[in-house]
There are 2 protein chains.
Amino acid sequence: MRCRKCGDPAAINMRHHKLALCARHYPEWFVEQTARAIHKYKMFDPEDRLLVAVSGGKDSLALWDVLLKLDYHADGLYIDLGIDGDLAYSTQSKHKAVAFADARPDADLMIVDIPGLYGASIIDVARRRRRANRPCSICGTVKRHEMNRVALENGYDVLATGHNLDDEAATLFGNVLHWQSGYLQRQSPVLPADGGGLVRKVKPFCRFYERETAAYTLIENIDYIYDECPFATGATSLAHKETLSRMEHSSPGTKMHFYTNFLRAKAEGLFAAPDDAPRNLHPCAKCGQPTVAPDLCNFCRLWEPAEPSESR
Amino acid sequence: MRCRKCGDPAAINMRHHKLALCARHYPEWFVEQTARAIHKYKMFDPEDRLLVAVSGGKDSLALWDVLLKLDYHADGLYIDLGIDGDLAYSTQSKHKAVAFADARPDADLMIVDIPGLYGASIIDVARRRRRANRPCSICGTVKRHEMNRVALENGYDVLATGHNLDDEAATLFGNVLHWQSGYLQRQSPVLPADGGGLVRKVKPFCRFYERETAAYTLIENIDYIYDECPFATGATSLAHKETLSRMEHSSPGTKMHFYTNFLRAKAEGLFAAPDDAPRNLHPCAKCGQPTVAPDLCNFCRLWEPAEPSESR
């Protein structure tokens, strides 16, 4: 297999694009494709200040790298959730993020220390809420809240995450299997700011397969944490990814078409507009972030004393 | 495992319903559930005249059987497509339909002989149209046209087909993978008559798993053709069924929830209404059935002399 641009041996072959590229031309193509997605979905402008949510994994570090190469003002945010124990998962992944930033003079990394700030790791909170084996929903709540808080408090225009096509296709697959109307109507590469305290969120890698972001980090020598979070084992999203990967194997391009045809059908008006004031957001009594909950938002409720009767 | 109603040994266990039943109570439940689906989706009334599309397979014969037990005026229609060759598929399946009707004094069976009426089997047509290996789309066109024609010409109010949950879930899965807006907006257990020449179509078995209709025919001693159509091998719908069955295996109820949540989301207004006059139907110049094609409908075009340049 030869590179389409120069004829050298190819480093990667992308069957769904009918495109093979060498180790020199692949990163160029990858950066161009990112710029194209940013433009196509009107994610942000050159003067916007971006905050990149960095987990220490390949997707988020590759995203930060590409955004810096494209000369955006892009700072990093690492959220230390305190997932430690034997694997020292948080410690290890933080080291990868720090090492990445240290090697780049233009990369500023902010670190939010959840146990330090709120007095407990998400593992402690999960235990207190009797969800010790399944802290994923708590993790999601904490990350969403803190990313938004840091972006708002520091005047960022946009929050960028490294979700790739495999992530987005698996999320869409789950939303479709259960026909979650609200999620289907909202799933998008760009979630606009709502003016009431939610910052704009974008996913510039939403059209890259996971193996494409992996190939980019490999070729560009970006060191990242290889392990999945120890709590991800058995997660439904992984089962969906496996199902989609099996279909992709017998029919290359399945994930890509599934996701991009969804975006096209949506843009062409397949879905009824969600009710105009459906979610009835108002500021949380404690932190001020928008919430549908009656008093405290989900995040702030996590830190309240557990009620003795709580059984989940 | 014991029957929930009488405690006798169970003949079938339905994990998604948390229900096991014996060979006496299962058919009762099956008939009741059919009556409930007919009512729930407002499929037809006791005074309607029904035409049941009968293929000789388990689903359509079980459907005819149940509709007769429920005292509907239900006649059968067998369409002989002339799929013969080594397996004599059409001949064998016709024998099953005839034997079923012969054993029941209240069952009238009409037979439409495609080669006799139109001068060619669908295999001949597929060969002429250079689709010899893939006659499925031609088969679909012929069956839809002839079912509608016979129903209209003989004054039936409703056309009933034996599609089961596995069929409907696989169709929905395919529609979702490609985000076929029109198909998603129209897929339903009831397609209303349009007044311009399309008879109402209903699928009373749409909530039964395939193994449930199989169990019914087994217990009720309904003899049917076991083989799949020889041309079905490798069909995409079979691949979708396999994917869904794998998910069903690890998470019982997946197909049921996928399909019924779709119907619920649709009833609650997830989709924008399809354009009111989108399909722009008008009568075919030859047969008079509604079509979107400019002159002759797809069915009538099949019997025109093939153009020499036609390459599909």
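Residues numbered from 1 in each chain as written. Chains lettered and ligands numbered in written order. Predicted model: local features only at pLDDT ≥ 70, side-chain atom pairs only at ≥ 80, totals over all residues. Heavy atoms only, no water.

What exactly am I supposed to notice about the overall build of chain A here?
A count of helices and strands for chain A gives twelve helices and ten strands. For chain A, whose C-alpha radius of gyration is 20 Å, the value lies close to the compact-globule estimate of 20 Å for 312 residues. Along the first, second and third principal axes, the C-alpha set of chain A runs to 65 × 45 × 40 Å. Burial statistics for chain A: of 312 residues in total, 50% are counted as buried. By sequence separation, contacts in chain A at least 24 residues apart represent 67% of the contacts at least 6 residues apart. Carbon and sulfur atoms form 50% of the exposed surface of chain A, whose accessible area is close to 15300 Å². Counting 39 positive and 40 negative side-chain charges, chain A places the centres of these two groups 6 Å from one another. (Helix = DSSP H or I, 4+ residues; strand = E, 2+ residues; numbered from the N terminus. Rg over C-alpha atoms; globule rule 2.2 N^0.38 Å. Buried < 20%, exposed > 50% of the residue type's maximum accessible area, 1.4 Å probe, protein only. Contact = heavy atoms within 4.5 Å. Areas by Shrake-Rupley, 256 points an atom, 1.4 Å probe, with all protein chains shown as cover. Lys, Arg positive; Asp, Glu negative; His and termini not counted. Charge placed at Lys NZ, Arg CZ, Asp CG, Glu CD.)

Would you mind showing me how to read the interface of chain B and chain A here?
In many reports, interface size means the accessible area that the parts give up when they come together. Contacts between the two partners involve 22 residues from chain B and, on the opposite side, 22 residues from chain A. Summing the contributions of chain B and of chain A, the shared interface buries around 1900 Å²; its carbon and sulfur component is 72%. Among the residues chain B hides against chain A, the three largest losses belong to B:L177, B:W179 and B:L270. Together they make up 37% of the total. Listing elements by their share of the side of chain B that touches chain A, those giving two or more residues are α7 (165-177), α8 (181-186), α10 (236-250) and α11 (254-267) of chain B. Counting residues per element, the side of chain B that touches chain A draws most heavily on α11(B), at six residues. Taken together, the residues of the side of chain B that touches chain A sort by class into 13 nonpolar, seven polar and two charged. (Buried area = accessible area lost by both parts, 1.4 Å probe. Nonpolar A, V, L, I, M, F, W, Y, C, P; charged D, E, K, R; others polar.)

Help me out: how do you make sense of unusual backbone geometry in this one?
Phi is mostly negative for residues that are not glycine, and the peptide bonds are mostly trans. Despite not being glycine, A:K42 shows a phi value in the positive range, around 50°. On the basis of relative accessible area, A:K42 is assigned to the exposed category, the value being 70%. Even without being a glycine, B:N221 presents a positive backbone phi close to 55°. Inspection of the secondary structure assignment puts B:N221 in the loop between α9 (210-219) and α10. The class of B:N221 is exposed, set by a relative accessible area of 70%.

Before we go on, may I ask you to explain the relation of the copies chain B and chain A in this structure?
Put simply, the two copies of the chain differ by a rotation about an axis and a shift along that axis. Mapping chain B onto chain A is achieved by rotating through 180° and translating by 0.0 Å along the same axis, at an RMSD of 0.0 Å. Taken together, these values place the two copies in the relation of a two-fold axis. Both copies contact each other with a shared surface, as 100% of the interface residues of chain B are interface residues in chain A too. (Least-squares fit on C-alpha atoms with pLDDT ≥ 70 in both.)

Explain helix α9 (residues 210-219) of chain A here, please?
One full turn of an α-helix is made of 3.6 residues, so residues set three or four places apart face in the same direction. All names here are of chain A. Taken as a whole, α9 has its buried residues at E212, T213, A215, Y216 and T217. The inward-facing, buried residues of α9 contact β1 (12-14), α1 (25-40) and α2 (58-69). Just beyond α9, the residue with positive phi is N221, at close to 55°.

How should the sheet that holds strand β3 (residues 49-53) of chain A be read in this particular structure?
By definition, the strands of a sheet pair up through backbone hydrogen bonds, in either a parallel or an antiparallel sense. Residues and elements named next belong to chain A. Here we have six strands laid out as an open sheet, ordered β5-β4-β3-β6-β8-β7, and mixed in their pairing. At either margin of the open sheet sits one strand with a lone partner, and together these are β5 (109-113) and β7 (190-191). One ladder, built from three bridges, connects strand β6 (residues 158-160) with strand β8 (residues 200-202); its direction is parallel. Directly across from V158, in β8, lies its bridge partner R200. In the packing of helix α3 (residues 89-102) onto the sheet, contacts are made with β4 (73-80) and β5, and the angle to β4 comes to roughly 160°. (Pairing = 2+ DSSP bridges. Axes fitted to C-alpha atoms, helices over the stretch in contact; angles between N-to-C directions.)

Please explain the nonpolar core as it appears in this structure.
Ranked by size, the top nonpolar core spans 125 residues in total, and within it A:W64, A:L67, A:W179, B:L67 and B:W179 carry the most contacts. Apart from the residues within four sequence positions on either side, A:L67 is in contact with A:I38, A:F44, A:L50, A:V52, A:Y72, A:A74 and A:A160. Of all hydrophobic cores here, the second largest spans 32 residues; its members include B:I114, B:V150, B:F299 and B:W303. (Core = buried A, V, L, I, M, F, W, Y, C linked by side-chain atoms within 4.5 Å.)

Just checking my understanding: could you explain the sheet that holds strand β6 (residues 158-160) of chain B for this structure?
Residue and element names in this part refer to chain B. A sheet is described by the order of its strands in space; here six strands give the open sequence β5-β4-β3-β6-β8-β7, paired in mixed fashion. Two strands in the sheet have a free side with no partner beyond their single neighbour: β5 (109-113) and β7 (190-191). Relative to strand β4 (residues 73-80), strand β3 (residues 49-53) is paired through five bridges, and the arrangement is parallel. The residue bridging L50 from the neighbouring strand is A74, located in β4. Contacts from helix α3 (residues 89-102) reach β4 and β5, with the element oriented near 160° to β4. Helix α6 (residues 136-153) rests against β3, β4, β5, β6 and β8 (200-202) of the sheet, and its axis sits at about 140° to β4.

Would you mind showing me how to read the packing of aromatic side chains here?
Pairs of aromatic rings are described using the distance from one ring centre to the other and the angle between the two planes. All names here are of chain B. Summed over all chains, the structure comprises 38 aromatic pairs over all chains. Seen from their ring centres, F44 and Y72 are 4.9 Å apart, and the 90° between their planes marks the pair as edge-to-face. With F44 in the loop between α1 (25-40) and β3 and Y72 in the loop between α2 (58-69) and β4, this residue pair connects regions lying 28 residues apart in the sequence. Like F44, the residue Y72 is buried in the burial classification. (Phe/Tyr/Trp six-rings, centres within 6.5 Å; stacked < 30°, edge-to-face > 60°.)

I keep staring at the confidence of the model for chain A and nothing clicks. Help me out?
Do not read the predicted coordinates in detail wherever pLDDT is low. Counting all residues, the mean pLDDT for chain A is 91, and 94% of those residues have values of 70 or more. The ipTM for the predicted assembly is 0.87, set against a pTM of 0.90. (pLDDT = per-residue confidence, 0-100.)

Explain the state of the cysteines to me, please; I cannot follow it from the model alone.
What makes a disulfide is a covalent bond joining the sulfur atoms belonging to two cysteines. Residues and elements named next belong to chain B. This model, assessed by the stated rule, comprises zero disulfides over all chains. Left without a disulfide partner, C297 is nearest to the cysteine sulfur of C300, which lies 3.8 Å away. Classification of C297 by relative accessible area gives buried; the value is 4%. (Disulfide = S-S within 2.5 Å.)

For this particular structure, what's the right way to read the side chain of B:N148?
All names here are of chain B. Topologically, N148 is positioned in helix α6. The class of N148 is buried, set by a relative accessible area of 1%. Within the local environment of N148, its side chain forms a polar contact with the backbone oxygen of G197, the two atoms lying 2.8 Å apart. (Polar contact = N/O pair within 3.5 Å; in protein donor to acceptor, adjacent residues only side chain to side chain.)

Would you take a moment to explain the pattern of salt bridges for this structure?
Think of it this way: side chains of opposite charge can pair up when their charged atoms draw near. Tallied over the entire structure, the rule returns 32 salt bridges over all chains. With its nearest N and O atoms 3.1 Å apart, the salt bridge here joins A:E153 to A:R149. Here the residue A:E153 and the residue A:R149 both occupy positions in helix α6 (residues 136-153), the gap between them amounting to four residues, near one helical turn. For A:E153, a relative accessible area of 56% gives the class exposed. As a salt-bridge pair, B:D223 and B:K96 come within 2.9 Å of each other at their nearest N and O atoms. With B:D223 in the loop between α9 and α10 and B:K96 in helix α3, the pair connects residues that are 127 residues apart, well separated along the chain. The class for B:D223 is partly exposed, based on a relative accessible area of 43%. A single network of salt bridges, built from pairs that share partners, joins A:D65, A:K69, A:R104 and A:E220. (Salt bridge = Lys/Arg side-chain N within 4 Å of Asp/Glu carboxyl O.)

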